[in-house]
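Residues per chain are reported as follows:
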Amino acid sequence: MEKEEIIEDLSKIMEERGFTLSKLNDEAYIAKSGSLSMLIWLPNEDYLLIDDPVKFVERMGLNKVDSIMVVSYRAFYLADEVSKLIDTVRVWNGMYLNVKVYAVDIYRLGERLEETLNLALTTFSSKVSSINEPDGPCPQCGSQMLIKYRHSHRSLIYEKPVIEEILVCDKCMVKIHRVKVQ
C-alpha cells in the first residue's frame, strides 16, 4: 500500500469519526475532536534512530498532544520505541509527557484504526464529551452511569452503520465503550 493511499484512507476514516486532520510535517498529522488532540505518525522508516530525543519531541509536538498513533507495518515495535523515548526524556531531561502511545499496523488499516480510535476515545472521553445522559447502573458500584459521548458512523469492523457510546461512572470512574449495530 502506497503512503498516499494510506493517508487518503486514514483521512476518510478520521473525518467520518468526527476528527479534523491537519498536516504537521511530511510524516505526521494532527487529528482533533473536541479538546482531544492526537498525533498520527506515518514514519518514513521502519526503525527509530534518534540522536536527540528532545528534538524529536519538539519536531513532533509531543508536548502539545494527548496521544500519538503510530501507523506502520512495524507499528508495535515503533510504538514501543516511542514509549521508551518518552521515558528517556522524562528521566534524562525532566520532561514529563502525558502522552498515550497507540500502534496501528497497516495490515487491515481500517479495522485496526477503528479499534485504536475506540480505545483512545474511551480513554479520553472527558475531552470529547458532548452529552451527559443517564443510562443505567454501574456494574461496579451501582451508581448511575452517564453517556458522555455518542457518534454514528459506518463501522469497518461490523461493516454496518453503528452508534458508538461511551458511558462513564463519575463515582468509581468505570468506562464502558458500547457499540450498537443499526
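Residues numbered from 1 in each chain as written. Predicted model: local features only at pLDDT ≥ 70, side-chain atom pairs only at ≥ 80, totals over all residues. Heavy atoms only, no water.

Visitor: Whenever I open this one, the packing of helix α1 (residues 3-16) against helix α4 (residues 109-123) confuses me. Can you help?
Guide: Two numbers describe a pair of packed helices, the interaxial angle and the distance between the axes. Running from N to C, α1 and α4 point in directions that differ by 40 degrees, and their axes come no closer than 11 Å. In terms of axis orientation, α1 runs oblique to α4. Crossing angle aside, the handedness with which α1 passes α4 is right-handed. Taking contact as the criterion, the partners of I6, D9, L10, I13 and M14 in α1 are, on α4, L109, G110, L113 and L117. Here the residues of the contact of α1 with α4 sort into 7 nonpolar, 1 polar and 1 charged. (Axes fitted to C-alpha atoms, helices over the stretch in contact; angles between N-to-C directions. Helix = DSSP H or I, 4+ residues; strand = E, 2+ residues; numbered from the N terminus. Parallel < 35°, antiparallel > 145°, perpendicular 65-115°, else oblique. Left-handed = near helix turned anticlockwise from the far one by under 90°. Contact = heavy atoms within 4.5 Å. Nonpolar A, V, L, I, M, F, W, Y, C, P; charged D, E, K, R; others polar.)

Visitor: What's the story with the sheet that holds strand β7 (residues 144-154) in this structure? I'm lost.
Guide: The strands making up a sheet are joined through hydrogen bonds of the backbone, oriented either antiparallel or parallel. Pairing in this open sheet of 4 strands is antiparallel, and the strands run β6-β7-β8-β9 from one edge to the other. Lying at the two open borders of the sheet, with one neighbouring strand each, are β6 (133-137) and β9 (175-181). The average angle at which neighbouring strand axes cross in this sheet is 35 degrees, direction not considered. Note that β7 and strand β8 (residues 161-168) share 8 bridges and pair antiparallel. Within β8, the residue paired with S152 across the bridge is I163. (Pairing = 2+ DSSP bridges.)

Visitor: Can you walk me through the layout of surface pockets in this structure?
Guide: Unfilled space is identified by rolling a water-sized probe across the atoms. By volume, the largest pocket is sized at about 170 Å³. Lining the largest pocket are M1, K3, I6, L42, P43, N44, E45, D46, V71, S72, Y73 and I106. Elements with a contribution of two residues or more to the lining of the largest pocket: α1 and β4 (67-72). Class assignment for the residues of the lining of the largest pocket results in 7 nonpolar, 2 polar and 3 charged. (1 Å grid on protein atoms, 1.4 Å probe; cavity = no way out; pocket = protein on both sides within 12 Å on 5 of 7 lines; lining within 4 Å. Points joined across faces, edges and corners; volume = space filled by probe spheres on them.)

Visitor: Before we go on, may I ask you to explain the sheet that holds strand β3 (residues 36-41) in this structure?
Guide: A sheet is described by the order of its strands in space; here 5 strands give the open sequence β1-β2-β3-β4-β5, paired in mixed fashion. The outermost strands of the open sheet, each flanked by one partner alone, are β1 (20-25) and β5 (100-105). Strand after strand, the sheet turns through a mean of 25 degrees between neighbouring axes, direction not considered. With 5 bridges connecting them, β1 and strand β2 (residues 28-33) associate as antiparallel partners. Bridging from a neighbouring strand, T20 pairs with K32 of β2. The sheet contacts of helix α2 (residues 53-60) involve β1, β2 and β3, and relative to β1 the element is tilted by about 140 degrees.

Visitor: In this structure, what is going on with a negative patch on the surface? I would like to understand it.
Guide: A contiguous patch of negative charge, built from E2, E4, E5, E8 and D9, is present on the exposed surface. Relative to the helices and strands, E8 resides in helix α1. Here E8 falls in the exposed class, since its relative accessible area comes to 59%. (Patch = residues over 30% accessible without salt bridge, like charges linked within 9 Å, V, L, I, M, F, W, Y side chains within 5 Å. Areas by Shrake-Rupley, 256 points an atom, 1.4 Å probe, with all protein chains shown as cover. Salt bridge = Lys/Arg side-chain N within 4 Å of Asp/Glu carboxyl O. Lys, Arg positive; Asp, Glu negative; His and termini not counted. Charge placed at Lys NZ, Arg CZ, Asp CG, Glu CD. Buried < 20%, exposed > 50% of the residue type's maximum accessible area, 1.4 Å probe, protein only.)

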